[in-house]
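Descriptive analysis of the structure
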Amino acid sequence: MELKFEVSTRVGRPVHEVFEAVADPDSLSKYFTTGGAVGRLETGATVQWDFADFPGAFPVEVVEVVQDQKIVLRWDGKGAVDGRTTVTMTFKPLDDDRRTLVTIAEERWEDTPEGLKASYGNCMGWSQMLSALKASVEYDINLRNGAYR
């Protein structure tokens, strides 16, 4: 059995605005990739993400992007099947596109103690990302600022 998880939140902005806050590296760098993001999330691209809590930029493979609907990523992960996990982000308009449901699922973790520990860590990270996304897009607040340095 492979381990997997899913987290979600509702963001009080139209789907296009929320999607762009994730796909655009300048926007993503404001609230999530505390060390910066390089490269727009586009199908077939490999971008770089850097975090203060995990220093050193690392590659993120962009498998698929459907504008304003879905982003699928692959990246290296300890405890992952074949050393890589798959992250799927979906964006669904709600309330006549006044709000957006963002869901993030990550899968391909091995059913081992190492896979379980790594999946829990990433689940926490994606939950924090969704909270930071919501705070940034709705209130222009950076929740991660100073949290990891």
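Bear in mind that the values here come from a model prediction, so they are computed numbers and not experimental data. (Residues numbered from 1 in each chain as written. Predicted model: local features only at pLDDT ≥ 70, side-chain atom pairs only at ≥ 80, totals over all residues. Heavy atoms only, no water.)

Let us now look at the overall build of the chain. What the chain contains, in helices and strands, is three helices and seven strands. When the helices and strands of the chain are placed in sequence order, the string is β-α-α-β-β-β-β-β-β-α. In summary, the chain has a C-alpha radius of gyration of 15 Å against a globular reference of 15 Å for 149 residues, a match within 12%. Taking all 149 residues of the chain together, the buried fraction comes to 42%. Taking as baseline every contact in the chain between residues at least 6 positions apart, the subset at least 24 positions apart corresponds to 48%. Accessible area of the chain: about 7,900 Å², with a carbon and sulfur share of 50%. For the chain, the distance from the average site of its 17 positive side-chain charges to the average site of its 24 negative ones is 3 Å. (Helix = DSSP H or I, 4+ residues; strand = E, 2+ residues; numbered from the N terminus. Rg over C-alpha atoms; globule rule 2.2 N^0.38 Å. Buried < 20%, exposed > 50% of the residue type's maximum accessible area, 1.4 Å probe, protein only. Contact = heavy atoms within 4.5 Å. Areas by Shrake-Rupley, 256 points an atom, 1.4 Å probe, with all protein chains shown as cover. Lys, Arg positive; Asp, Glu negative; His and termini not counted. Charge placed at Lys NZ, Arg CZ, Asp CG, Glu CD.)

Our next topic: the layout of surface pockets. Computed from the structure, the largest pocket encloses a volume of approximately 740 Å³. Here the element with the most residues in the lining of the largest pocket is helix 3 (residues 113–139); it accounts for nine residues. Its residues assigned to classes, the lining of the largest pocket comprises 11 nonpolar, six polar and seven charged. Its boundaries defined by the atoms lining it, the second largest pocket holds a volume of some 170 Å³. Residue lining of the second largest pocket: Glu17, Ala21, Ser27, Lys30, Tyr31, Ser136, Val137, Asp140 and Asn142, and that is the complete set. Elements that contribute at least two residues to the lining of the second largest pocket include exactly helix 1 (15–23), helix 2 (25–31) and helix 3. With three residues, helix 2 is the largest single contributor of residues to the lining of the second largest pocket. Looking at the lining of the second largest pocket, its residues break down into three nonpolar, three polar and three charged. (1 Å grid on protein atoms, 1.4 Å probe; cavity = no way out; pocket = protein on both sides within 12 Å on 5 of 7 lines; lining within 4 Å. Points joined across faces, edges and corners; volume = space filled by probe spheres on them. Nonpolar A, V, L, I, M, F, W, Y, C, P; charged D, E, K, R; others polar.)

Our focus in this paragraph is the sheet that holds strand 3 (residues 46–51). One open sheet holds the seven strands; their spatial order is 1-7-6-5-4-3-2, and the pairing between them is antiparallel. With one partner strand each, in any of the chains shown, strand 1 (3–11) and strand 2 (36–38) form the two edges of the open sheet. The mean inter-strand angle of the sheet, taken between neighbouring strand axes irrespective of direction, is 20°. Pairing analysis gives three bridges linking strand 2 to strand 3, with the strands arranged antiparallel. (Pairing = 2+ DSSP bridges. Axes fitted to C-alpha atoms, helices over the stretch in contact; angles between N-to-C directions.)

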